[in-house]
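# Summary of the model geometry
Listed below are the residues making up each chain.
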Amino acid sequence: LQQWRLPALMILSSSISTAQAAETNLSMMIPHGCTQTIVEPHLHINTRYENPIEPDEYLSELDDAHIFTGIVLAVYGPSNPRQYGDENEAVLQIANRSKGRLYGFASLNTSDWDDNGEMQLAQLSKYLEQSGIVGVKLAPPHTCFALDDDAMLQIARVAASSSAPVMFIHVGSTPFCPEGRLAFSNVCCTARYIDPLYLEPLVQTFANVTWVLVHAGFDFALADTSFVIPRTPRTAFTSNAISMAEKYPNVYLELSAIFASHVNGTLKYFGGDAVVKQILDRSVVSKTMFGGDANHGMPGQNNTRRNLESLNASMIEAGYTTEQVCRVLTGTAHEVFKI
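Here's a quick rundown of the structure. (Residues numbered from 1 in each chain as written. Predicted model: local features only at pLDDT ≥ 70, side-chain atom pairs only at ≥ 80, totals over all residues. Heavy atoms only, no water.)

### What to know about unusual backbone geometry
- Here the phi dihedral of Asp112 falls at roughly 55 degrees; this positive angle occurs in a residue that is not glycine.
- With respect to the helices and strands, Asp112 occurs in the loop between strand 3 (102-106) and helix 4 (113-128).
- Phi at Cys144 takes a positive value of approximately 50 degrees, unusual for a residue other than glycine.
- Within the fold, Cys144 resides in the loop between helix 5 (140-143) and helix 6 (150-160). (Helix = DSSP H or I, 4+ residues; strand = E, 2+ residues; numbered from the N terminus.)

Shown next, in the form of structure tokens:
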């Protein structure tokens, strides 16, 4: 084991196998200067894995980044291939087979809500009571489900009465905006679907629910200069997300995909450093957590590790203390998800 002593990150000199990780003392997985292990709260079911409902390749991705704990998302949407069956059940199986290293977010299908909404809510309620499920995941722009839709109130009510009262919600745009880009036709990119301020009434009503603003409102669409939302500043949604974290004790930020990179290491999007600096300047570091959203590629591409390294370097460059880096990489997620 060799420590790379950027102020608060310890990296293995080479990746370790899942079998080795299972036998690794937890203290060896704690970044230098921290007291807890890193959590990656944004793993997707990866159909490029040999067996996407077994934990081994998810754990291998985490081992390479020296991350001990991950959370796998259930995602219901038009692009879901579902060759592995129901999303919630698949996530639960992955978590249950991981020997305590993987957890899951439950979700539900918001299409055809008038006919199936009640059934979907019942299924969500059932999964939120399962050991290993830590909250609800929603991606409004990917499913054209408005943040102020009446159904969001019903979903929040289910979360509030459950054993896992966490709402983990994509805010900000998506790289698939505008509609049809990258062959992803069913997306909605106007403010009702991406501006976190539309969640404010629910945040106030459900104070016992923890609201995690996924991607911290980052504007992925505007990272592509071929598409511009008229009169919308690039940082508007990020600024709104930070404002909500400042204002409400039950609102947190998550930084996934902002430091996504190509296999050659170059960043896919620009603007991540500005987000990291704004979080520091506006004193919401304690409300912020790391997220990767990077295990989409072929096994062994090390996407999660590159994402983590880029965020770590950005925090150091911005002037974060070791304690603050540790808070983002480890402390906030442990606190929010109680893992």
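We are not done yet, so read on.
### As for the sheet that holds strand 1 (residues 39-44)
- Read from one edge of the open sheet, 8 strands run 1-2-3-4-5-6-7-8, paired in parallel fashion. A single partner strand is all that each edge strand has here, and the edge strands are strand 1 and strand 8 (288-289).
- Taken together, the 2 bridges between strand 7 (residues 251-254) and strand 8 define a ladder with parallel strand orientation. The residue of strand 8 that forms the bridge with Glu254 is Met289.
- The strands that helix 3 (residues 87-96) touches are strand 2 (69-73), strand 3 and strand 4 (133-138); relative to strand 3, the one it contacts most, it runs at about 165 degrees. (Pairing = 2+ DSSP bridges. Contact = heavy atoms within 4.5 Å. Axes fitted to C-alpha atoms, helices over the stretch in contact; angles between N-to-C directions.)

### Considering the packing of helix 4 against helix 6
- Put simply, helix 4 and helix 6 touch, their axes get as near as 10 Å, and they point 20 degrees apart. Here helix 4 is positioned roughly parallel relative to helix 6, judged by the angle of their axes. Along this stretch, helix 4 crosses helix 6, giving a crossing that reads as right-handed. Mapping the contact onto sequence places Trp113, Leu121, Leu124, Ser125 and Leu128 in helix 4 and Ala151, Gln154, Ile155, Val158 and Ala159 in helix 6.
- Here the residues of the contact of helix 4 with helix 6 are counted per class, giving 8 nonpolar, 2 polar and no charged. (Parallel < 35°, antiparallel > 145°, perpendicular 65-115°, else oblique. Left-handed = near helix turned anticlockwise from the far one by under 90°. Nonpolar A, V, L, I, M, F, W, Y, C, P; charged D, E, K, R; others polar.)

### Let's talk about the nonpolar core
- Of all hydrophobic cores here, the largest spans 80 residues; its most connected members are Ile155, Met167, Leu199, Trp211 and Tyr320.
- Beyond its immediate stretch of four places on either side in the chain, Met167 contacts Val136, Leu138, Met152, Ile155, Ala156, Ala159, Val209, Thr210, Trp211 and Val212.
- Counting 14 residues, the second largest nonpolar core, distinct from the first, contains Phe105, Phe168, Met289 and Val336. (Core = buried A, V, L, I, M, F, W, Y, C linked by side-chain atoms within 4.5 Å. Buried < 20%, exposed > 50% of the residue type's maximum accessible area, 1.4 Å probe, protein only.)

### A closer look at the state of the cysteines
- In total, this model carries 2 disulfides according to the counting rule given.
- Two residues share a disulfide in this structure: Cys34 and Cys326, whose sulfurs sit 2.0 Å from each other. Between Cys34 and Cys326, the disulfide has an S-S torsion of -85 degrees and is therefore left-handed. One end of the pair, Cys34, is in the loop between helix 1 (18-23) and strand 1; the other, Cys326, is in helix 12 (residues 322-337), with 292 residues separating them in the sequence.
- Under the relative-accessibility criterion, Cys34 is labelled buried at 12%.
- Among the residues examined, Cys326 registers a relative accessible area of 7% and is labelled buried. (Disulfide = S-S within 2.5 Å.)

### So, the pattern of salt bridges
- What the rule picks out here adds up to 9 salt bridges.
- The salt bridge partner of Arg192 is Asp148, with a shortest N-O separation of 2.8 Å. Of the two residues, Arg192 sits in helix 7 (residues 191-194) while Asp148 sits in the loop between helix 5 and helix 6, which places them 44 residues apart along the sequence.
- Here the salt bridges share partners, and the residues they tie into one network are Asp64, Arg305 and Glu309. (Salt bridge = Lys/Arg side-chain N within 4 Å of Asp/Glu carboxyl O.)

### Re the pairing of strand 6 (residues 210-214)
- For strand 6, the buried fraction is high: 5 of the 5 residues fall into the buried class.
- Residues Thr210, Val212 and Val214 of strand 6 are buried on one face, and the alternating residues Trp211 and Leu213, pointing to the opposite face, are buried as well.
- Inspection of the sheet shows strand 5 (residues 166-170) paired to strand 6 by 5 bridges, in the parallel sense. Bridge pairing links Ile169 to Leu213 in strand 6.

### With respect to the packing of aromatic side chains
- In the structure shown here, the tally under the stated rule is 7 aromatic pairs.
- Sitting above the plane of the Tyr193 ring, Arg192 keeps its charged end 6.0 Å from the centroid.
- The ring of Tyr252 has Lys287 lying over it, and the distance from NZ or CZ to the ring centre is 5.1 Å. (Phe/Tyr/Trp six-rings, centres within 6.5 Å; stacked < 30°, edge-to-face > 60°. Lys NZ or Arg CZ within 6 Å of the ring centre and 35° of its normal.)

### Some thoughts on the packing of helix 10 (residues 272-281) against helix 11 (residues 303-318)
- It is the contact of helix 10 with helix 11, at a shortest axis distance of 9 Å, that shows an interaxial angle of 50 degrees. Comparing the axis directions of helix 10 and helix 11 gives the class oblique. Seen from above, helix 10 lies across helix 11 with right-handed handedness. Touching Gly272, Asp273, Val276, Lys277 and Leu280 of helix 10 are Leu311, Ser314, Met315 and Ala318, all from helix 11.
- For the contact of helix 10 with helix 11, the class distribution of residues is 5 nonpolar, 2 polar and 2 charged.

### Concerning helix 9 (residues 236-247)
- Here helix 9 is 12 residues long and its end C-alpha atoms lie 16 Å apart, about the 16 Å a rise of 1.5 Å per residue gives.
- For helix 9, the complete set of buried residues consists of Ala236, Phe237, Thr238, Asn240, Ala241, Ile242, Met244 and Ala245.
- Against the buried residues of helix 9 lie helix 7, helix 8 (200-205), strand 6, strand 7 and helix 10. (Expected span 1.5 Å × (residues − 1).)

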